[in-house]
Amino acid sequence: MNDDAASTAPSPVPAPEPTGTGSTGAAPTAPGTIEGMTFRPDGRFWIGTMSYRRTVGAASVYRWDGPGTRPVRAWGGATTANGLGFSPDGALGYWTDTPTRTVTVFDYDARAGLVNPRPFVEIEEWAGKPDGLCVDAEGGVWVALHRGSAVRRYDADGRLSEVVELPVSKVTACTFG
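So, here's what we can say about the structure. (Residues numbered from 1 in each chain as written. Predicted model: local features only at pLDDT ≥ 70, side-chain atom pairs only at ≥ 80, totals over all residues. Heavy atoms only, no water.)

### What to know about the pattern of salt bridges
- Scanning the model with the defined rule gives eight salt bridges in all.
- Notably, a salt bridge pairs D155 with R159, separated by 3.1 Å at the nearest N-O pair.
- The class of R159 is exposed, set by a relative accessible area of 52%.
- One continuous salt-bridge network, built from bridges that share partners, spans R44, R63 and D65. (Salt bridge = Lys/Arg side-chain N within 4 Å of Asp/Glu carboxyl O. Buried < 20%, exposed > 50% of the residue type's maximum accessible area, 1.4 Å probe, protein only.)

### A word on the sheet that holds strand 3 (residues 59–64)
- Read across the open sheet, the four strands follow the order 1-2-3-4; overall the sheet is antiparallel. The sheet terminates laterally at strand 1 (32–39) and strand 4 (72–78), the two strands that pair on one side only. Each strand of the sheet is rotated relative to its neighbour by a mean of 20°, with strand direction disregarded.
- Direction of pairing for strand 2 (residues 45–51) relative to strand 3: antiparallel, over a ladder of four bridges. Bridge pairing in strand 3 links G48 to V61. (Pairing = 2+ DSSP bridges. Helix = DSSP H or I, 4+ residues; strand = E, 2+ residues; numbered from the N terminus. Axes fitted to C-alpha atoms, helices over the stretch in contact; angles between N-to-C directions.)

### Focus on the nonpolar core
- Y94, F120, L133, V141 and V143 are the most contacted members of the largest nonpolar core, which totals 14 residues.
- Where this core is concerned, the elements lending two or more residues are strand 7 (102–109), strand 8 (113–122), strand 9 (129–135), strand 10 (141–146) and strand 11 (150–154).
- Among the elements that make up this core, the one with the highest residue count is strand 10 (three residues).
- Those residues in contact with F120 that sit more than four places away from it in its chain are Y94, V103, T104, V105, V141, Y154, D155, A156, D157 and G158.
- A78, A81, W95 and Y108 belong to the second largest nonpolar core, which has 13 residues in total. (Core = buried A, V, L, I, M, F, W, Y, C linked by side-chain atoms within 4.5 Å. Contact = heavy atoms within 4.5 Å.)

### Examining the environment of F86
- Inspection of the secondary structure assignment puts F86 in strand 5 (residues 81–86).
- Residue classification places F86 among the buried residues on the basis of a relative accessible area of 10%.
- As a C-alpha pair, F86 and P41 span 45 residues in sequence and 7.8 Å in three-dimensional space.
- Filtering out sequence-adjacent residues up to four positions away, F86 remains in contact with T38, F39, R40, P41, W46, L92, G93, L114 and V135.

Structure (structure tokens):
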């Protein structure tokens with residue numbers, strides 16, 4: 001993640017686009033880079049992107065259903081689609097759009113994919129920018145704060161429940177092992 005990324009976006013929650021079946025649909029073609037990846041409990045692989053020029057609204061999230069299929073654009077309209085994760089039961093999906101300082105939550109529908117996007121957490125400007133995230137076994141969402149020297153945990157309702165301060169400023173990811 002680059003700290004000079006665009007900081008203005010039309011909306012912190014982009015409108016989702018049709019998910020498709022995984023066997024058809026366009027593969028990623030826009031010039032850019034992969035910013036975040038995760039598996040959903042059903043085995044589907046999700047990939048977030050960022051345009052090389054960090055163009056507002058140019059990033060997308062793709063879903064890949066596995067061998068024999070092509071990635072399908074699940075939704076677009078982000079600036080930097082970072083920090084993807086799912087609740088332990090797979091019912092909710094989360095992602096960060098770093099420049100807008102927003103973590104978005106979606107409901108997961110087996111047929112329609114990720115639906116009903118809404119802000120989950122908005123990170124204060126002084127706290128850094130949300131980057132990578134992971135979800136713990138209790139459904140808590142841990143968010144790495146780039147230029148914020150910390151990782152924050154939010155409970156399933158989006159309330160701050162824990163802060164782990166770190167001796168570095170550019171925290172970009174968190175994981176459990």
